[in-house]
Amino acid sequence: MRRRELKNIEWGLLIVAILLSIIGLVALFSATQEAGYDEFKKQIVWLVVSIAIMVIVMLINYELLVKLSPIFYGICILLLIGVLFTEPINGATSWFDIGGFSLQPSEFAKIIVILFLGLIISKIQERYMEDINKPTRLLIILSVIALPLILIVIQPDYGTAMAFCIAVAMMLFTSGIDKKYIIGAILIAGILIPILYNFVLPQHAKRRIEIFLNPESDPRGSGYNIIQSKLAIGAGQLTGMGLLKGNQTQLGYLYPKTTDFIYSVISEEMGFIVARNYYCIICISGNKGIIYSKNSKR
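All figures in this text were calculated on a predicted structure; none of them were measured in a lab.

A. Inspection of the packing of aromatic side chains at higher detail. Within the structure shown, the criterion is met by four aromatic pairs. The interplanar angle of 15° and the centroid separation of 4.9 Å between the aromatic rings of Phe 29 and Tyr 37 together place this pair among those described as stacked. When its relative accessible area of 24% is taken as the criterion, Tyr 37 is described as partly exposed. Ring geometry for Tyr 37 and Phe 40: centres 6.4 Å apart, planes at 70°, overall edge-to-face. Here a set of aromatic residues connected by ring pairs shows up, and it is made of Phe 29, Tyr 37 and Phe 40. The lysine or arginine in question, Lys 206, covers the ring of Tyr 197, its NZ or CZ lying 5.9 Å from the ring centre.

Put into structure tokens, the structure is as follows:
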């Protein structure tokens, strides 16, 4: 690797990513021992693959990736259409099964759509920054996000769709969009959200929201996992019960353990101190990313 690439590396982000990976691997090792460490082994494979991809991407000029983003965008749209014809997993057609691994196109679409939107916004503001506020320009931006967003909602994957909306909103905000559009969007959202919730959102999605707000309403059904995760976090206290010694984790009360509930595994076996630091590392990495992004514009 050339000296220039080494100099431009944001070492802080790299260090926190490594720390997060180590804590995650330790938690997965504990959470998957009764299953033969399948998810733990997969994670190691993906970590190695990710490091290789990271090095390759570091060697590619960012401007080249942006220039190629329209091609990547087209490929993503094709993948998002193709995934709709796959077998549903947990009620959603969101994954391709490839050789024992699951590939979710919407995750790649997050990055590619942001790159493509960045290219479009930069082209719009090439002459005047205020051009972003022209209705025709905003219509172009919204059209770019609308197609992948609709395809993701059809899957259905409302969480990823929401992430897309937030990403676009933040990009428009930082690009200097007029306050009247922001106020208008907030008012429209305030009107549409109750309507969508009551008349459009499917019953299982509404049930998820209700259970999230009040898991005790169905303690033996939909609210079971949330209640067990709270028990696991409380049982860990400050220092944890010890690796491979968590009651909720090891006795099968907490399931699934290898998804978002891995935080509960960390809290129960490693304690609140490690879990809090885990969360703080995520916040630090996000803040460093924002600072790095601002500095790169200067």
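Next comes the rest of the description.
B. Layout of the layout of surface pockets. Estimated volume of the second largest pocket: approximately 190 Å³. If you go around the second largest pocket, the residues you meet are Ala 31, Thr 32, Glu 34, Ala 35, Asp 38, Glu 39, Tyr 255, Pro 256, Lys 257 and Thr 258. Each residue belonging to the lining of the second largest pocket can be placed in one class, and the counts come to four nonpolar, two polar and four charged.

C. Summary view of a nonpolar patch on the surface. There is a patch of nonpolar side chains on the surface, built from Ile 56, Ile 60, Leu 64, Leu 68, Ile 71, Ile 75 and Leu 79 and spanning about 560 Å² of accessible area. A total of five residues in the nonpolar patch trace back to one element, the largest contributor, which is helix H4 (residues 62–82). Counting through the fold element by element, Ile 75 comes out in helix H4. Given the relative accessible area of 42%, Ile 75 is considered partly exposed.

D. Summary view of the pattern of salt bridges. Scanning the entire structure with this criterion turns up five salt bridges. Across the pair Lys 110 and Glu 107 runs a salt bridge, and its minimum N-O distance is 3.3 Å. Of the two residues, Lys 110 and Glu 107 are both situated in helix H5 (residues 105–124); the distance of three residues between them amounts to about one turn of the helix. Residue class for Lys 110 comes out partly exposed when judged on its relative accessible area of 26%. In this structure, Lys 134 and Asp 131 form a salt bridge, with 3.5 Å as the shortest nitrogen-oxygen distance. Looking at Lys 134, the relative accessible area reads 38%, which means it is partly exposed. Accessibility expressed as a relative area gives 10% for Asp 131, which makes it buried. Several salt bridges share partner residues, and in doing so they unite Arg 207, Glu 210 and Asp 218 into one network.

Criteria and cut-off values
Residues numbered from 1 in each chain as written. Predicted model: local features only at pLDDT ≥ 70, side-chain atom pairs only at ≥ 80, totals over all residues. Heavy atoms only, no water. Phe/Tyr/Trp six-rings, centres within 6.5 Å; stacked < 30°, edge-to-face > 60°. Buried < 20%, exposed > 50% of the residue type's maximum accessible area, 1.4 Å probe, protein only. Lys NZ or Arg CZ within 6 Å of the ring centre and 35° of its normal. 1 Å grid on protein atoms, 1.4 Å probe; cavity = no way out; pocket = protein on both sides within 12 Å on 5 of 7 lines; lining within 4 Å. Points joined across faces, edges and corners; volume = space filled by probe spheres on them. Nonpolar A, V, L, I, M, F, W, Y, C, P; charged D, E, K, R; others polar. Patch = residues over 30% accessible without salt bridge, like charges linked within 9 Å, V, L, I, M, F, W, Y side chains within 5 Å. Areas by Shrake-Rupley, 256 points an atom, 1.4 Å probe, with all protein chains shown as cover. Salt bridge = Lys/Arg side-chain N within 4 Å of Asp/Glu carboxyl O. Helix = DSSP H or I, 4+ residues; strand = E, 2+ residues; numbered from the N terminus.

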